[in-house]
Amino acid sequence: MEYDETVYACAINRIFNYHCREARLLTDMLSSPGELFSMSRAELSGILHSQPLIDAVLDSSHLRKSEEEVRWARKHGIHIIYIRDREYPSRLRECPDAPTVLFHKGCADLNPERAVAVVGTRKATEYGKSQCRRIIEHFAQLRPKPLIISGLAYGIDICAHLSAMDCGLDTVAVLPTGLDTIYPAAHRGHAVRMLAHGGLVTDFPMGSTPLPVTFLRRNRIIAGMSDAVLLIESAARGGGMITASLAQSYSREVMALPGRITDRYSEGCNALIDRNAAAIISSPSGPAHSLGWDITDKETHTENLEKIFDSSDYIKRNILLALAADSVLDRDSLIEKAGGDPSAVLPRLTEMELDGTVRTDIYGNYSLTGG
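Within each chain, residue numbers correspond to sequence positions counted from 1 in written order. A pLDDT threshold of at least 70 governs which residues receive local features in this predicted model, and a stricter bar of 80 or more applies before side-chain atom pairs are shown or counted, although totals over entire chains, interfaces and linings include all residues. The side-chain quantities take in all heavy atoms of the structure and omit both hydrogens and water.

Some thoughts on empty space enclosed by the protein
So, step 1. Detection works on a 1 Å grid of protein atoms alone, calling trapped sets that fit a 1.4 Å probe cavities and calling open sets with protein on both sides within 12 Å along at least five of seven lines pockets, with lining residues defined by an atom within 4 Å of a point. Grid points are joined across faces, edges and corners, and a volume is the space filled by probe spheres set on the points. Applying the stated criterion across every chain, the model contains 2 cavities of 30 Å³ or more.
So, step 2. The space that makes up the largest cavity amounts to roughly 40 Å³.
So, step 3. What lines the largest cavity is simply E69, W72, F103, G178, L179, D180, F204, P205 and M206.
So, step 4. Residues are sorted three ways: Asp, Glu, Lys and Arg are charged, Ala, Val, Leu, Ile, Met, Phe, Trp, Tyr, Cys and Pro are nonpolar, and all the rest, Gly among them, are polar. A per-class count over the lining of the largest cavity returns 6 nonpolar, 1 polar and 2 charged.

Quick look at a nonpolar patch on the surface
So, step 1. Patch membership is restricted to residues that have no salt bridge and whose relative accessible area is over 30%. Joining uses 9 Å for like charges and 5 Å for the nonpolar side chains Val, Leu, Ile, Met, Phe, Trp and Tyr. The protein chains shown are the only cover counted for residues, whose accessible areas, like all others here, come from Shrake-Rupley with a 1.4 Å probe. One side-chain nitrogen of Lys or Arg within 4 Å of one carboxyl oxygen of Asp or Glu is enough to make a salt bridge. Taken together, the side chains of Y18, L211 and V213 make up a nonpolar region of the molecular surface, amounting to roughly 260 Å² of accessible area.
So, step 2. Comment: elements are numbered from the N terminus, with helices defined as DSSP H or I runs of at least four residues and strands as E runs of at least two. With respect to the helices, strands and loops of the structure, Y18 is situated in the loop between α1 (5-15) and α2 (20-29).

Focus: the layout of surface pockets
In this approach the atoms are scanned with a rolling probe the size of a water molecule, which exposes any empty space left behind.
So, step 1. The volume enclosed by the largest pocket comes to roughly 320 Å³.
So, step 2. Taken together, 22 residues form the lining of the largest pocket, with G120, R122, G238, G239 and G240 sitting closest to its centre.
So, step 3. Of all the secondary structure elements, the ones that give two or more residues to the lining of the largest pocket are α10 (212-224) and α11 (239-249).
So, step 4. A per-class count over the lining of the largest pocket returns 8 nonpolar, 8 polar and 6 charged.

Some details on the sheet that holds strand β12 (residues 365-368)
So, step 1. Two strands form a pair only when DSSP identifies at least two bridges running between them. The strand order β10-β12-β11 describes an open sheet built from 3 strands, whose pairing is antiparallel. Looking along the sheet, the strands with just one partner apiece sit at the ends: β10 (328-330) and β11 (358-360). Neighbour-to-neighbour, the strand axes of the sheet open up by a mean angle of 30°, direction not taken into account.
So, step 2. Note: β10 against β12, 3 bridges, orientation antiparallel. Counted as the bridge partner of V328 is S367 from β12.
So, step 3. Contact definition: two residues touch when any of their heavy atoms are within 4.5 Å. Think of each axis as a best-fit line through the C-alpha atoms, taken over the contacting stretch in the case of a helix, with angles from 0 to 180 degrees between the N-to-C directions. Along the sheet face, helix α16 (residues 331-338) touches β10 and β12 and points at about 100° away from the line of β10.
So, step 4. Against the sheet, helix α17 (residues 342-354) contacts β11 and β12, and its axis sits at roughly 100° relative to β11.

As for the packing of helix α15 (residues 314-326) against α17
So, step 1. Packing of α15 against α17 brings their axes to within 10 Å, and their N-to-C directions diverge by 70°. Comparing their axes, α17 and α15 come out roughly perpendicular. Contacts between α15 and α17 pair I315, K316, I319 and L320 from the former with A344, V345, R348, L349, E351 and M352 from the latter.
So, step 2. Each residue belonging to the contact of α15 with α17 can be placed in one class, and the counts come to 7 nonpolar, no polar and 3 charged. Reported orientations rely on four angle classes, namely roughly parallel under 35 degrees, roughly antiparallel over 145, roughly perpendicular from 65 to 115, and oblique for the rest.

Topic: the packing of aromatic side chains
So, step 1. Only centres within 6.5 Å qualify two rings of Phe, Tyr or Trp (six-membered ring in Trp) as a pair; their planes then separate them into stacked at under 30 degrees, edge-to-face at over 60, and tilted for everything else. Under the counting rule described, the total for this entry stands at 4 aromatic pairs.
So, step 2. An angle of 25° between the planes, with centres 5.5 Å apart, marks the rings of Y8 and F37 as stacked. Remark: F37 occurs in the loop between α2 and α3 (41-47) and Y8 occurs in helix α1; sequence separation between them is 29 residues. Accessibility classification places Y8 together with F37 in one group, the buried group.
So, step 3. Members of the aromatic cluster, joined through ring pairs, are Y3, Y8 and F37.
So, step 4. Lying over the aromatic face of Y18, R217 brings its terminal NZ or CZ to 4.5 Å of the ring centre. Whether a residue is buried, partly exposed or exposed follows from its accessible area with a 1.4 Å probe, protein chains only, as a fraction of its type maximum: under 20%, in between, or over 50%, in that order. Cation placement over rings: the criterion is NZ of Lys or CZ of Arg within 6 Å of the ring centroid and within 35° of the ring normal.

Geometric values such as these leave the question of function open.
See below:
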């Protein structure tokens, strides 16, 4: 029986779902997915060295299940993206264990100019959640705006998704299940909202259930689709640490938010920073600055400056004048030049960081953005 190429692609994904490197070699070798299923056992033995995989390719039940899956996906508006398709995330395609097929529902462009993953513990503290929001608020000031990628889990993941949507950023959740299951179920409402503000992605076939290994495997997609991975909070061991390790193996930037040495859910971040495996996140603007994503929208920057000069806030005006004259100033010098009262200057500096007017480096020095 003949099937269309999308069915064959889904069958390869189903059979080789836990053998992605082998599937990648096959798809590079084959002219089309259907070519694999036209081979005899002897021909398959020449390219596959696993008898169970050969038996699975010859088992027509996988094609029937894949045909049913394709019908279901099309009925529910789910895009099936083969690794050679133009729509496939180009960053992910670079990875040696990239999945053969992605299932995507939503409006997000999976090949944005900028993409960043924000991950962390499910047991996020108020400190972690507030810093996550502040970082994403700064990302929202950028042009072009980055796509925010995470895993829909409790804690930092869902904080990143909700903060992105609240700030007008597209956000994509990578699931550890098929798209017929939203995990965790408590976030179904958020997932539905994300369809209009990003979307959902998975490589798991319909009917897949969440298992410890599926969470680990979805982390490779989160890392692979991104330019950088931001680890907001993590214990010494956890999914976020695994995502950071995968990002390093893919030559992605890794950044971590430091915390007190007594805080359990900062142990992982502090350890990465300590061994120079992650750059330190020292301010809300730090990740964007490290990636070279400074605010370059001159019109927006000019509007910010004009708004401040038109206001009656003389302290903000003094801050701008001081930085315009000296380019870079440490905190104490800037406080002195701006009025001398830390309780008045520091809150305004925080506001100006959030609206993208000023930035700080890892040493605590301040400068104007876009300058």
